[in-house]
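Observations on the model geometry
Below are the chains, spelled out letter by letter.
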Amino acid sequence: MKKSYRVKKEAEFQEVFTQGKSCANRMFVVYMIEKPEQKHFRVGISVGKKIGNAVARNWVKRRIRQSLTELKPQLKQDCDFIVIARPSAAGISTADAKKNLIHVLHLAKSFGDGS
């Protein structure tokens, strides 16, 4: 996923975290804020130390990024997202990450068709 698709600055991350609406399932919490002036969505990923060591956290981040890359054409383009991994996401497979992200993103109504 290109860097232009990432929420990089702490202030932007905090804005989405404090002002965005949230939805959750067993694996992930998603905060979303609409930004009509943007040309494409941006995402921030947070994987805490409860997941495990640095290798385990990077594993989960890669699974999240891969899933979002595959879902990119279907997602609303005028939003910022924060995806926070819960401890139950430790050691998650790519298929499970994608399935759980689809579920929580549907709850957040973040797909382009409004679902």
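This text follows the structure it describes.
What follows concerns the sheet that holds strand 4 (residues 79-85). Reading across the sheet, the four strands line up as 1-2-4-3 and stay open at both edges, with mixed pairing between neighbours. A single partner strand is all that each edge strand has here, and the edge strands are strand 1 (21-24) and strand 3 (42-47). Pairwise comparison of adjacent strand axes, ignoring direction, gives a mean angle of 20° for this sheet. Of the pairings in the sheet, the one linking strand 3 to strand 4 comprises six bridges and is parallel in character. When the bridges of strand 4 are listed, I45 appears paired with V83. In this fold helix 2 (residues 54-71) packs onto strand 2 (28-34), strand 3 and strand 4, with an angle of close to 155° to the strand it touches most, strand 3. Across the sheet, helix 3 (residues 94-107) lies against strand 1, strand 2 and strand 4, angled at about 45° from strand 2, the strand it touches most.

This part covers helix 2. Taking 1.5 Å per residue, 18 residues should reach 26 Å; helix 2 reaches 26 Å between its end C-alpha atoms and fits that length. At its buried positions, helix 2 is contacted by strand 2, strand 3, strand 4 and helix 3.

With that out of the way, let us pick up the packing of aromatic side chains. A full pass over the atoms with the stated rule returns two aromatic pairs. With a centroid separation of 4.8 Å and an interplanar angle of 55°, the aromatic rings of F17 and Y31 are classed as tilted. You can see F17 sitting in helix 1 (residues 10-19) and its partner Y31 sitting in strand 2, a full 14 residues away along the chain. Judged by relative accessible area, which is 33%, F17 ranks as partly exposed. Considering the side-chain rings of F41 and F81, the 5.9 Å spacing of their centres and the 75° angle between planes classify their relative orientation as edge-to-face. On the criterion of sequence distance, the pair formed by F41 in the loop between strand 2 and strand 3 and F81 in strand 4 is long-range, its members being 40 residues apart.

Enumeration according to the criterion identifies zero disulfides in this entry. With no disulfide partner, C23 has as its closest neighbouring cysteine sulfur the one in C79, 12 Å distant. Judged by its relative accessible area of 16%, C23 falls in the buried class.

This paragraph deals with the pattern of salt bridges. Counting across every chain of the model gives six salt bridges. Close ionic contact of E34 with K76 constitutes a salt bridge, the shortest N to O distance being 3.6 Å. With E34 in strand 2 and K76 in the loop between helix 2 and strand 4, this pair connects stretches of sequence that are 42 residues apart. For the salt bridge of D80 with K35, the shortest nitrogen-to-oxygen distance reads 3.5 Å. Of this pair, D80 sits in strand 4 while K35 is found in the loop between strand 2 and strand 3, placing the two residues 45 residues apart along the sequence. Each member of the pair D80 and K35 is classed as buried. The network of salt bridges with shared partners includes E12, E15, K35, R42 and D80.

What counts, and where the lines are drawn
- Residues numbered from 1 in each chain as written.
- Predicted model: local features only at pLDDT ≥ 70, side-chain atom pairs only at ≥ 80, totals over all residues.
- Heavy atoms only, no water.
- Pairing = 2+ DSSP bridges.
- Helix = DSSP H or I, 4+ residues; strand = E, 2+ residues; numbered from the N terminus.
- Axes fitted to C-alpha atoms, helices over the stretch in contact; angles between N-to-C directions.
- Contact = heavy atoms within 4.5 Å.
- Expected span 1.5 Å × (residues − 1).
- Phe/Tyr/Trp six-rings, centres within 6.5 Å; stacked < 30°, edge-to-face > 60°.
- Buried < 20%, exposed > 50% of the residue type's maximum accessible area, 1.4 Å probe, protein only.
- Disulfide = S-S within 2.5 Å.
- Salt bridge = Lys/Arg side-chain N within 4 Å of Asp/Glu carboxyl O.

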